[in-house]
Amino acid sequence: MKRKLLGTLLSVTMAVSLLAGCGSSGDSAPAANNNAGGNDAAPANTEAAAEPAAPAESQAEAPATTADGGKIGISMPTQSLERWNRDGAYLNDQFKAAGYETILTYSDNKSEQQVNDIQNMLAENVDLLIVAAIDGEALNMVMNEAADANVPVIAYDRLIMNDAVSYYVSFDNYTVGKLQGEFIVENLDLENAGDSVYNLEITAGDPADNNAGYFYHGAMDVLNPYIESGTLNVVSGQTDFDTVATEQWNTDTALERAQNILSSYYADGTQLDVWLCSNDSTALGVAQAITSDYAGSNSVLITGQDGDEANLKNIVDGIQTMTVYKNVSNESVVTLSLAQAILSGETIDESLLSSFDIECAYDTESYETSAGNKCPSFLLVPNVITKDNLQDLVDTGLYTMGEDGYLSATN
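1. As for the overall build of the protein chain
Working step 1: A count of helices and strands for the protein chain gives 11 helices and 18 strands.
Working step 2: Going through the 411 residues of the protein chain one by one, you find that 56% of them count as buried.
Working step 3: Taking as baseline every contact in the protein chain between residues at least 6 positions apart, the subset at least 24 positions apart corresponds to 73%.

Following this line, the structure appears as structure tokens:
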């Protein structure tokens, strides 16, 4: 995979030529349905103007009726995780600013609801679908319906295991885990550990989320040599993905499991040195358990991912050590550019990445929607955030820092 190190933010108005579908040897995507009219009434569970703090996921509003470019269906998993509120808001704002009509839904982490939401979008004659799947293997029927309706699909952040998917836009998810593992190695100086032994526990993500395995394997590929040599010791013995996975990335689930591990293996004063957490919502639960239930007096290194406000506060307070930050504003702009190219019938190759003012790679080999069917993917590059470089988040314009040093998202 070739990487081009460019800038950090992408102009909303940039035009990128993109066109190559999953499961197709040609350069042509399905022809778009350019009917931008349709019914003014949005389907249930629709947010026409996304508000990150919206209290309910079932409220419906009519979408905007002015659409110069077409109608876009945006399906997000849930509003219960901070990052999906940001993603939904960024996507909604970007597409509206570019002249598209949008239908934005949140599906309360229920796959059957997401299927219904997408079916409603198809009934509303959307020209293109952007879907962050709750379960990458649970949308086959509705993806086939999209293909039958000749509606292109962009799998957003999470790969959908269906050949109707035209493109995948995400971050380099294996690298997310790799950065977490490398951070542990560097901060514990494992290469020079000698006879020292450090105790590690592991919390991974939702087994229904295709990304969770990439995060886990990226980290474990870095850490396994130290586990095998005995430099890292998983006291609980819980290392395989199925055992350490956390359904729906739920904070309370991660908290309960962490409390059980601490009471079972560390109540006698055994020192815990590091807890690998795949994302911030699980890290929040682990941090709470360590704060309330850990018998040791040392500071435990805790990893995370996403840059959620509560976790950034924990980083400032020294409770969480790091997070891997993915600029979802950049992700939404790449998605916009891709959608514009699909709807205008353009074609792309890797050379067009030079028009991106952002660090990104075009990958046609790493992700499959089924055996042998490679999905063209646009993979952005994540960054490690610690207490020492929180200003980097402020510099994006997406966070502000208060006098107390705590960060707040601007959107």
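2. What to know about the sheet that holds strand 10 (residues 301-302)
Strands in a sheet are paired, the pairing made by backbone hydrogen bonds, and the direction either parallel or antiparallel.
Working step 1: Strand order in the open sheet made by the 4 strands is 8-7-9-10, with parallel pairing throughout. Looking along the sheet, the strands with just one partner apiece sit at the ends: strand 8 (232-233) and strand 10.
Working step 2: Both strand 7 (residues 198-203) and strand 9 (residues 274-277) contribute to a ladder of 4 bridges, which runs parallel. Counted as the bridge partner of Glu-201 is Trp-275 from strand 9.
Working step 3: Strand contacts of helix 8 (residues 280-293): strand 7, strand 9 and strand 10, with the helix running at about 155° to strand 9, the strand carrying the most contacts.

3. Remarks on the packing of aromatic side chains
Working step 1: Tallied over the entire structure, the rule returns 8 aromatic pairs.
Working step 2: Where Tyr-168 meets Tyr-367, the ring centres are 5.0 Å apart and the plane angle is 65°; that geometry is what we call edge-to-face. With a gap of 199 residues between them, Tyr-168 in strand 6 (residues 165-171) and Tyr-367 in the loop between strand 12 (360-363) and strand 13 (368-370) connect regions that are remote in the sequence.
Working step 3: Aromatic rings pair up to connect Tyr-167, Tyr-362 and Phe-378 into one cluster.

4. Notes on empty space enclosed by the protein
Working step 1: Tallied over the entire structure, the rule returns 1 cavity of 30 Å³ or more.
Working step 2: Taken as a whole, the largest cavity holds about 110 Å³ of empty space.
Working step 3: For the largest cavity, the lining is made up of 13 residues, of which Arg-83, Arg-158, Asp-209, Trp-249 and Asp-306 are closest to its centre.
Working step 4: Among the secondary structure elements, those contributing two or more residues to the lining of the largest cavity are helix 1 (82-97) and helix 5 (210-229).
Working step 5: Looking at the lining of the largest cavity, its residues break down into 4 nonpolar, 3 polar and 6 charged.

5. Concerning the pairing of strand 7
Working step 1: Counting buried residues in strand 7 gives 6 out of 6 residues, a clear majority hidden from the surface.
Working step 2: Along strand 7, one buried face is formed by Tyr-198, Leu-200 and Ile-202 and the opposite face, lined by Asn-199, Glu-201 and Thr-203, is buried too.
Working step 3: Following the backbone out of strand 7, through helix 5 and into the adjacent parallel strand 8, one traces a crossover that is right-handed.

6. A few points about unusual backbone geometry
Working step 1: Notably, Asp-108 is not glycine yet its phi reads approximately 55°, a positive angle.
Working step 2: Along the chain, Asp-108 falls in the loop between strand 3 (101-106) and helix 2 (111-123).
Working step 3: For Asp-189, which is not a glycine, the phi torsion comes out positive at approximately 50°.
Working step 4: In this fold, Asp-189 is placed in the loop between helix 4 (173-187) and strand 7.
Working step 5: Looking at Asp-189, the relative accessible area reads 38%, which means it is partly exposed.

Reading the values: the criteria
Every chain begins its residue count from 1, and numbering advances along the sequence as written. Where local features are concerned, this predicted model is filtered to residues with pLDDT of at least 70; where side-chain atom pairs are given and counted, the filter is 80 or more; whole-chain, interface and lining totals use all residues. By convention in this description, side-chain values take in all heavy atoms of the structure and omit both hydrogens and water. Under the scheme used here, helices are H or I runs from DSSP no shorter than 4 residues and strands are E runs no shorter than 2 residues, and both carry numbers assigned from the N terminus. Burial classes: relative accessible area under 20% of the type maximum marks a residue as buried, over 50% as exposed, and values in between as partly exposed (1.4 Å probe, protein chains only). The criterion used for residue contact is that any of the two residues' heavy atoms lie within 4.5 Å. Two strands pair if DSSP finds at least two bridges between them. Think of each axis as a best-fit line through the C-alpha atoms, taken over the contacting stretch in the case of a helix, with angles from 0 to 180 degrees between the N-to-C directions. Working definition: a ring pair exists when centres of Phe, Tyr or Trp rings (six-membered ring for Trp) sit within 6.5 Å. Plane angles under 30 degrees give stacked, over 60 give edge-to-face, the rest tilted. Buriedness for pockets is judged along seven lines, at least five of which must meet protein on both sides within 12 Å for an open set on the 1 Å grid over protein atoms alone, while cavities are sets there where a 1.4 Å probe fits but cannot get out, and lining residues have an atom within 4 Å of a point. Grid points are joined across faces, edges and corners, and a volume is the space filled by probe spheres set on the points. Basically, the charged four are Asp, Glu, Lys and Arg, the nonpolar ten are Ala, Val, Leu, Ile, Met, Phe, Trp, Tyr, Cys and Pro, and anything else, Gly included, counts as polar. Orient the strands so they point away from the viewer, and a crossover whose first-strand-to-second-strand path over the helix runs clockwise is right-handed.

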